[in-house]
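# Summary of the model geometry
Listed below, chain by chain, are the residues.
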Amino acid sequence: MPTAPTPAVATAPTSPAVAPPPPHRTPTSAWVLLLILASIWGTSFILMKKGLVVFSALELGATRVSVAALLLLPFALKHLGKVDRGHFKWLVLSGVVGTLVPAFLFAYAETQLASGLAGVLNALTAVFTLVVGALFFGQQLTGLRVAGIALGLVGTVVLMLLGGSGGDATPTGEGNAWYGLYIVLATLGYGVSVNVIKHRFHGIPSVAVTGLLLLFIGGPALAFLLVGTEFLHKLATVPGAWTAFGYIALLATMSTAVAMVLFNKLIQSSTALFAASNTYLVPVVALGWGLLDGESFNLWHLLGMIIILLSVFIINRAR
């Protein structure tokens, strides 16, 4: 009796499963979202500059946080009862160091620092996100990443010591490159906030996190704006105040609410690495707006920007 043929065998059907996956293709819609997001965040620096023409740094910062909080209030109230109260302290921490304080620090910086340079220094967020993650959240700090951090600090020194500050292009008509230190502190706060949200809020929608942290800091910011500043008096009496307020309201709306939604969608439709590449585009957009508004741009600016963006590239790629 002939032997039954051996099925040609179980190896054939399984071979497709071990074939290497096709390379990831980034959809066209992701590229569109990336460009829109970079445009929004890159434009935020010129909007701050325009708001400072009438309002003080304190008034701008408080207005920005208040408008953003009011805008996301419905989302905050919707999720308030769904978040464990143990998370509230982390929401307050993230809100204060990652939103409230940076809103004032960036405003102070741009009183004597060109908006384009502020946009370049903002790229240090990636550097401090890694530093804080390594110090407090167990993130791996390799030799190459240390080199990236050092390079970012070198680029900052180049911009602040050699690149100048913008002088006549600032709202005050004065320039002081050391005001860039306010942005360094702000990006340190961003680094803390990013790590807190990443490690403390698993499974909570980002719109809920953002809405709730703004709920906690928005009330004090609004009270201070209305009672502790001349905001209402300026709106009623100073020519151009409503236009300046419009710039700040646009800043709060686009840079907080709209940008957050687009960034989340971008991550879903591509990869986190691709989404993070907006870091390289934001300074270009910020510098472009600055040039259109009469800000100077020299070779030291270019060198400092290249060094900082190279440091971000090293940090993102290093393993």
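A brief structural summary. Bear in mind that the values here come from a model prediction, so they are computed numbers and not experimental data.

## Overview of the side chain of S115
Its place among the elements puts S115 in helix α6 (residues 115–121). Its relative accessible area of 1% is what places S115 among the buried residues. Not counting the four nearest positions on each side in its chain, S115 is found in contact with F45, I46, K49, E110, A286, G290 and E295.

## Thoughts on the environment of L71
As for its position among the elements, L71 is in helix α3 (residues 57–71). As a C-alpha pair, L71 and G211 span 140 residues in sequence and 8.7 Å in three-dimensional space. Filtering out sequence-adjacent residues up to four positions away, L71 remains in contact with T253 and A257.

## As for the pattern of salt bridges
Summed over the entire model, instances satisfying the criterion amount to 4 salt bridges. Among the ionic pairs, E295 bridges to K49, the shortest N-O distance being 2.9 Å. Taken together, the residues span a long stretch of sequence, with E295 in the loop between α14 (278–292) and α15 (299–317) and K49 in helix α2 (residues 28–51) at a distance of 246 residues. The exposure class of E295 is buried, given its relative accessible area of 6%. D293 is the partner of K50 in a salt bridge, and the nearest nitrogen-oxygen pair spans 2.9 Å.

The rules behind each value
- Residues numbered from 1 in each chain as written.
- Predicted model: local features only at pLDDT ≥ 70, side-chain atom pairs only at ≥ 80, totals over all residues.
- Heavy atoms only, no water.
- Helix = DSSP H or I, 4+ residues; strand = E, 2+ residues; numbered from the N terminus.
- Buried < 20%, exposed > 50% of the residue type's maximum accessible area, 1.4 Å probe, protein only.
- Contact = heavy atoms within 4.5 Å.
- Salt bridge = Lys/Arg side-chain N within 4 Å of Asp/Glu carboxyl O.

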